[in-house]
Every structure is written in C-alpha cells, then in structure tokens.
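Next come the chains, spelled out residue by residue.
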Amino acid sequence: MDPLATITCIEDLRRLAQRRVPRMFYDYADSGSYTENTYHANEADFRAIKLRQRVAVNISNRSTGTHMLGQPVAMPVALAPVGLTGMQHADGEILAARAARDFGVPFTLSTMSICSIEDVAEGTGGHPFWFQLYVMRDREFAAALIERARAAGCSALVLTLDLQVMGQRHKDIKNGLSAPPKPTLRNLLNLATKPAWCKAMLATRRRSFGNILGHAKGVTDLSSLAAWTNQQFDPTLSWSDVEWIKNRWGGKLVLKGILDAEDAQLAVRSGADALVVSNHGGRQLDGAPSSISALPAIAEAVGPQIEVWMDGGIRSGQDVLKARALGARGTLIGRSFIYGLGAHGQAGVTRALQILQKELDISMAFCGHTQIDQVNRGILLPQSLRQLPG
C-alpha cells in the first residue's frame, strides 16, 4: 500500500516528521520565540474565521489557478524561504524545489539554506525559482548573492525585513542548535533513533550553509561560519537599503515581514512588486498580531497598488481560501511543506501541496465559487471576523 495514501492532512505529515527528523532540527522549524503566543495565534485566528456555505449553485469547472507576480500558479501558494531546510531531509531544498516545480507553484530558497543557489538551479534543471535575501553588514557579500541569484535564473528576489535582530527561541538554546551543532549526549542519543535520516545525510555532501561557506570573506569552516553569522545581521537596515537592493537586482522584488499599514504604504513607495504580511511564523516579535488578523487593514491601506500576500499559520486549503477572501492575492507556506519534507522527502512535499489544493478546491465549491480569482470577503461570516484581534 502506498504509505502516502493514508496521509490526509498536514497534521499527519507533522506527526511523521516529528518522529523522523532529529529533535534539534524538528524543533528549529516547529517553534516560536519566547512564549510562542504569536506562533500559536497564527493558527488559532484562522480557526476563528467561519465560512459561509452556499447550496444549489453550479460548481462544475472549478479552478484554483491564478497568478503571482504575473506567473501562472496552480493555486495561490508559494513555498516560503526556510533556513536549514536541508537538515529536515538530505538535499531538502533541491527536493522541495523539484516538488514545487512539478506541481506548478513557486519555491523560495533561503539565504540560510543548506543547498546553495547553484545546487538548486542544477537540481531543478534550471527551472526558475525565487531567492530570499537577508541584508548582511557585508554589503559586498549581499551584492554577490544578488548576482549569483541572477546568474542562476531566479525570477524574483524576496527581501526579508524583520530579522535585523534575532528573537530568542528557547528550544534552539536547550537543544544546542548552533554551527556546528553541539554533540551533547542527549542529541547523540536522539540521532541514534533516526537511522534513515543519518544514512541520507551521510550520503550527501551538503551539510552546511551552502550560500555562505566558501563565499563569504574569511568563512572557510563551520567555526568561522558561526562567528561570521553572529555578526552579520544588520540592525541598521533601512528603506534606503531597500532602494539599493531594488536597483541592484532590477527584477521582481518582494518585501517580506510587513505587519503595519504604514510600513505597507512605504513598501508601495519603494517600488516593490509584492509585500508579504508576515510575523516570521511567530519566530521574531512574540506578542505581535497574527498574520491573518493584520491582513485586512494592510490590504485596504494599499489597495491594488501592490500585490499583497501573507504567510503564517496556514495548515489547510481552507486557510488559503480565508486569506484570499481577506485580501491576499497569494500565500506562502513554510511549516506545511517542511513537515512533508521531513516525513517523506520530495514525495511528502508533493503530498502537502495536494492536500492543500484539494481542501482549497472543495471548500471553495461549498462556498459557491468555481474560480479562486472571484473569491472575496462574501464567503466569510461577518460575525466571525469580529472575533479577530484588532
């Protein structure tokens, strides 16, 4: 029997990933900062929103297809940039990018990936993907990353704005997650229970930060990498840097990490092509609003001047549908595809996408719609929206 046949929801994939991925790497992906209040609010606030069921409507010839940045996509979903994806599963970024390519949705590679820009380009046969940029103090290195993304055929640059300083994630400290990871007895015992993961990791050469090691000045091994990384996130990042990056890149630019309507209007003025309403999956400012509760005001503030997307808390196709109804032209998924990757590699990512699309399609039909581009706030029960914070 196909082991994926009985996986019917993202939660199934999460439980499998938790069993198969070493604790320190599973916890890295599945955690938030401080009390994790915002991390959990991202999911809880989606659940509070109720859908308006319609009947006796012709719901044949349905389509979840739309466009993001002018690119046709199978549904309004892209794979978000996630650091250390290649530690959830060997060669994880390549496998996830292949799954996204074959399914017809965009993949975004993180600056802090294990597989390099060049690895993913080669591993996907030159298929275009997006690259996410962190602005480092070393602007020469940032400029070199932009040029490498251009050379690899990346079709968009996603600039993350909300990681000038790191939010504290208690689990990472307790697990000894560092570069290199600390070989504590607890970690070694946990690794011994993950033989398939260990075997796959031993079979690949990609076990460090591929975009940085050997590319950044003075970074030649894991020890020098740790020191370099700790110094590089830049607290001076400003809108003038956004302008510099836009001019240097010259292509489609997405700004990720917007939670405030005033910042959204500044994003419009910057000339960016899209913004992502995001609280970094609840991993940065704990106590910030959930992404879905921040979305309506931002979408209203900018109107059609810029594509508004959102991420944070999406665990089902219904969540995608609700985000679309509240003004998001597109969504990004992080943990939902990471769970699939940790559970079953490339096939697991594909299964996660299949689950989301089927839930999106069926729920859209129950709401009386056949085209995702025609979905609006009318599919939601107004009284349930009053329960959202703000």
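Everything that follows concerns the structure shown earlier in this document.
Residues numbered from 1 in each chain as written. Predicted model: local features only at pLDDT ≥ 70, side-chain atom pairs only at ≥ 80, totals over all residues. Heavy atoms only, no water.

(A) Spotlight on the overall build of the chain. Broken down by element type, the chain carries 16 helices and 10 strands. In terms of overall size, the chain behaves like a compact globule, its C-alpha atoms giving a radius of gyration of 20 Å where 390 residues would be expected to give roughly 21 Å. In terms of overall dimensions, the chain has C-alpha extents of about 65 × 55 × 40 Å along its principal axes. With 390 residues in all, the chain has 58% of them scored as buried. Across the chain, the fraction of contacts at a sequence separation of at least 24, relative to all contacts at a separation of at least 6, is 74%. Charged side chains of the chain number 42 positive and 35 negative; the gap between the two group centres comes to 5 Å. (Helix = DSSP H or I, 4+ residues; strand = E, 2+ residues; numbered from the N terminus. Rg over C-alpha atoms; globule rule 2.2 N^0.38 Å. Buried < 20%, exposed > 50% of the residue type's maximum accessible area, 1.4 Å probe, protein only. Contact = heavy atoms within 4.5 Å. Lys, Arg positive; Asp, Glu negative; His and termini not counted. Charge placed at Lys NZ, Arg CZ, Asp CG, Glu CD.)

(B) Representation of the sheet that holds strand β7 (residues 252-258) in the model. Strand order in this open sheet of eight strands is β3-β10-β9-β8-β7-β6-β5-β4, and the pairing throughout is parallel. Sheet topology places β3 (77-79) and β4 (108-109) at the edges, where each strand pairs with a single neighbour. Pairing between strand β9 (residues 307-311) and strand β10 (residues 330-333): three bridges, direction parallel. Residue pairing across strands places W309 opposite G330, the latter belonging to β10. Sheet strands in contact with helix α6 (residues 139-151) are β5 (130-133) and β6 (156-160), and its direction is about 175° off that of β5. (Pairing = 2+ DSSP bridges. Axes fitted to C-alpha atoms, helices over the stretch in contact; angles between N-to-C directions.)

(C) Structural detail: the pairing of β5. With burial as the criterion, each face of β5 is covered, one bearing W130 and Q132 and the other bearing F131 and L133. As defined by bridge partners, β4 adjoins β5 across two bridges and the pair is classed as parallel. Opposite L109, over in β5, you have F131 as the bridge partner. Two elements, β5 and β6, share four bridges in a ladder whose sense is parallel. Across the sheet, the residue bridging to W130 is A156, located in β6.

(D) A look at the packing of aromatic side chains. Tallied over the full model, the rule gives four aromatic pairs. Ring centres of Y134 and F233 lie 5.4 Å apart, and the angle between their planes is 80°; this geometry places the pair in the edge-to-face category. Remark: F233 occurs in the loop between α10 (222-232) and α11 (239-249) and Y134 occurs in the loop between β5 and α6; sequence separation between them is 99 residues. By relative accessible area, which is 14% here, F233 ends up buried. The lysine or arginine in question, R283, covers the ring of Y28, its NZ or CZ lying 4.6 Å from the ring centre. (Phe/Tyr/Trp six-rings, centres within 6.5 Å; stacked < 30°, edge-to-face > 60°. Lys NZ or Arg CZ within 6 Å of the ring centre and 35° of its normal.)

(E) Just unusual backbone geometry, in detail. Its identity as a non-glycine residue notwithstanding, E36 has a phi of 65°, on the positive side. Mapped onto the secondary structure, E36 falls in the loop between α2 (23-29) and α3 (37-48). Taking relative accessible area as the criterion, E36 reaches 13% and is therefore assigned buried. In this structure, L84 takes a positive phi of about 60° despite not being glycine.

(F) Broad picture of the layout of surface pockets. Of the volumes computed, that of the second largest pocket is approximately 440 Å³. Taken together, 21 residues make up the lining of the second largest pocket; nearest its centre are L161, D162, Q164, G257 and D263. For the lining of the second largest pocket, the secondary-structure elements that each account for two or more residues are α11 and β7. Split into classes, the residues belonging to the lining of the second largest pocket amount to 10 nonpolar, seven polar and four charged. (1 Å grid on protein atoms, 1.4 Å probe; cavity = no way out; pocket = protein on both sides within 12 Å on 5 of 7 lines; lining within 4 Å. Points joined across faces, edges and corners; volume = space filled by probe spheres on them. Nonpolar A, V, L, I, M, F, W, Y, C, P; charged D, E, K, R; others polar.)

(G) Spotlight on the environment of P3. Mapping P3 onto the fold places it in the segment before α1 (10-20). Through-space distance from the C-alpha of P3 to that of H344 is 9.2 Å; in sequence the pair is 341 residues apart.

(H) View of helix α14 (residues 317-325). For α14, the buried fraction is high: eight of the nine residues fall into the buried class. When we look at burial in α14, the residues that qualify are G317, D319, V320, L321, K322, A323, R324 and A325. G327, located one to two residues past α14, shows a positive phi value of around 115°.

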